[in-house]
Amino acid sequence: MVSMNNVEAVKSALDQALKSDKSVVVLGEDVGVNGGVFRATEGLQKKYGKDRVIDTPLSEEGIVGMAIGMAVNGIKPVAEIQFSGFLPAAFDQIFSHAARIRSRSRGRFTCPIVIRAPAGGGIRALELHCEMPEAFFAHIPGLKVVCPSTPYDTKGLLLAAIKDPDPVIFLEPMRLYRAIKQDVPETEYTLPLGKANVVKEGSDITIITWGAMVKYTLDAVSKLKDVDAEVIDLRTIYPFDAETIIKSVKKTGRALVVHEAPKTAGFGAEIVATINEKALDSLEAPIMRVTGYDIPLPFARLEMEYIPSEERIIKGINKVMEY
């Protein structure tokens, strides 16, 4: 076991994937010589060469289009998009091609690509750098969408995504890149995509969250004296683990969803609908959501007013409990 933060966990996963599978390549803007904007690929080009860790032009559509071409010809590309706010530039390639190749070819081809993107606010970056676009991609049949919260999960889920035969959008919370250290196995391991993790058991309320909000939800819950909250880290946004959520809600009778993306049509709405369909009779209060607002992410001075805080999460919990 080695103590790692999330950036180091990404690098460890990529290093092991490149080492164990000659068909894996890494590509993106500045991933080679500079080691990526967050240094998640630092040293990999020197170790594996320019043919496997590839610096690309500044073209997100070109990066993903190239990765799709590689994937249908037997290569397993891991494409880095420098910030999640740049993903819309590649949306046509993702929506029209990567997600549809298996269906379009009636199973003759798959598209085993991973598209990594730092995501979410809290680091006071520039406009179009800090969005949380999980709901966009969860709505596209054919894609898997993953958002880890810890170094252990980051490495295990990224290795699983690389091995997956279909395209995976892998959103890495920037706010947590160096905020958490955790013991992580040096050896290769995978965590199943589509399986949530109950990070804290409880009996009074179920809180469903993912990404950076896991840490801050746990911080908020730790300050509650009279509420025994169960916290579920979704890990995979799509396909999401409805079974674990429903089992928990049937036990607690109350639910709260926390995410930093805008509220309207956010993925939290899908979770609320699923609970209503499968566990309505178990609910003792309406399900609440604590989310970002339906506005563009503000500039640095107001950024933390937009992202759910411990105070807002605690208010949401209390509102559900007091119903």
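Visitor: Any chance you could explain the domain arrangement of the protein chain here in plain terms?
Guide: The extent of an interface is frequently quoted as the accessible surface area lost upon association of the parts. Partitioning the protein chain into domains gives domain 1 (2-184) and domain 2 (197-322). Put simply, the middle of domain 1 and the middle of domain 2, counted by C-alpha atoms, are 26 Å apart. Listed per partner, the contact involves 27 residues of domain 1 and 25 residues of domain 2. Carbon and sulfur atoms supply 60% of the area buried between domain 1 and domain 2, which totals about 2200 Å² over both sides. Per-residue buried area on domain 1 facing domain 2 is highest for Arg 124, Glu 134 and Arg 175; these three make up 26% of the total on that side.

Visitor: Looking at this structure, how should I read the pairing of strand β13 (residues 255-262)?
Guide: The side chains of a regular strand alternate between both faces of the sheet. Extensive coverage of β13 is indicated by the burial of seven of its eight residues. In the sheet, strand β10 (residues 205-209) pairs with β13 via four bridges, with the strands oriented parallel. What sits directly across from Thr 209, in β13, is Val 258. Examined bridge by bridge, β13 and strand β14 (residues 288-292) share four bridges and lie parallel to one another. Residue Val 258 lies in a different strand from β14, and its bridge partner there is Val 290. Each parallel crossover has a hand, and the one from β13 via helix α10 (residues 267-279) to β14 is right-handed.

Visitor: Even after reading the chapter, I still don't get the pairing of strand β5 (residues 114-119), so can you show me in this structure?
Guide: When you tally the buried positions in β5, you get six out of six residues, the bulk of the element. A two-sided burial pattern is seen for β5, the buried positions comprising Val 114, Arg 116 and Pro 118 on one face and Ile 115, Ala 117 and Ala 119 on the other. The sheet contact formed by strand β4 (residues 76-80) and β5 spans three bridges and is parallel. For Val 78, the partnering residue across the bridge sits in β5 and is Val 114.

Visitor: Can you help me understand the sheet that holds strand β11 (residues 229-233) in this one?
Guide: The strands making up a sheet associate through hydrogen bonds between their backbones, and the pairing can be parallel or antiparallel. Spatially, five strands are ordered β9-β11-β10-β13-β14 in an open sheet, and the strand pairing comes out mixed. Edge strands, defined here as strands with exactly one partner in the open sheet, are β9 (197-200) and β14. On average, each strand axis in the sheet is inclined to that of its neighbour by 25°, with strand direction left out of account. Sheet topology note: the β9/β11 ladder contains three bridges and is antiparallel. Considered in β11, the bridge of Val 198 is made with Ile 232.

Conventions adopted
Residues numbered from 1 in each chain as written. Predicted model: local features only at pLDDT ≥ 70, side-chain atom pairs only at ≥ 80, totals over all residues. Heavy atoms only, no water. Domains from an automatic or database assignment. Contact = heavy atoms within 4.5 Å. Buried area = accessible area lost by both parts, 1.4 Å probe. Buried < 20%, exposed > 50% of the residue type's maximum accessible area, 1.4 Å probe, protein only. Helix = DSSP H or I, 4+ residues; strand = E, 2+ residues; numbered from the N terminus. Pairing = 2+ DSSP bridges. Right-handed = clockwise from strand over helix to strand, strands pointing away. Axes fitted to C-alpha atoms, helices over the stretch in contact; angles between N-to-C directions.

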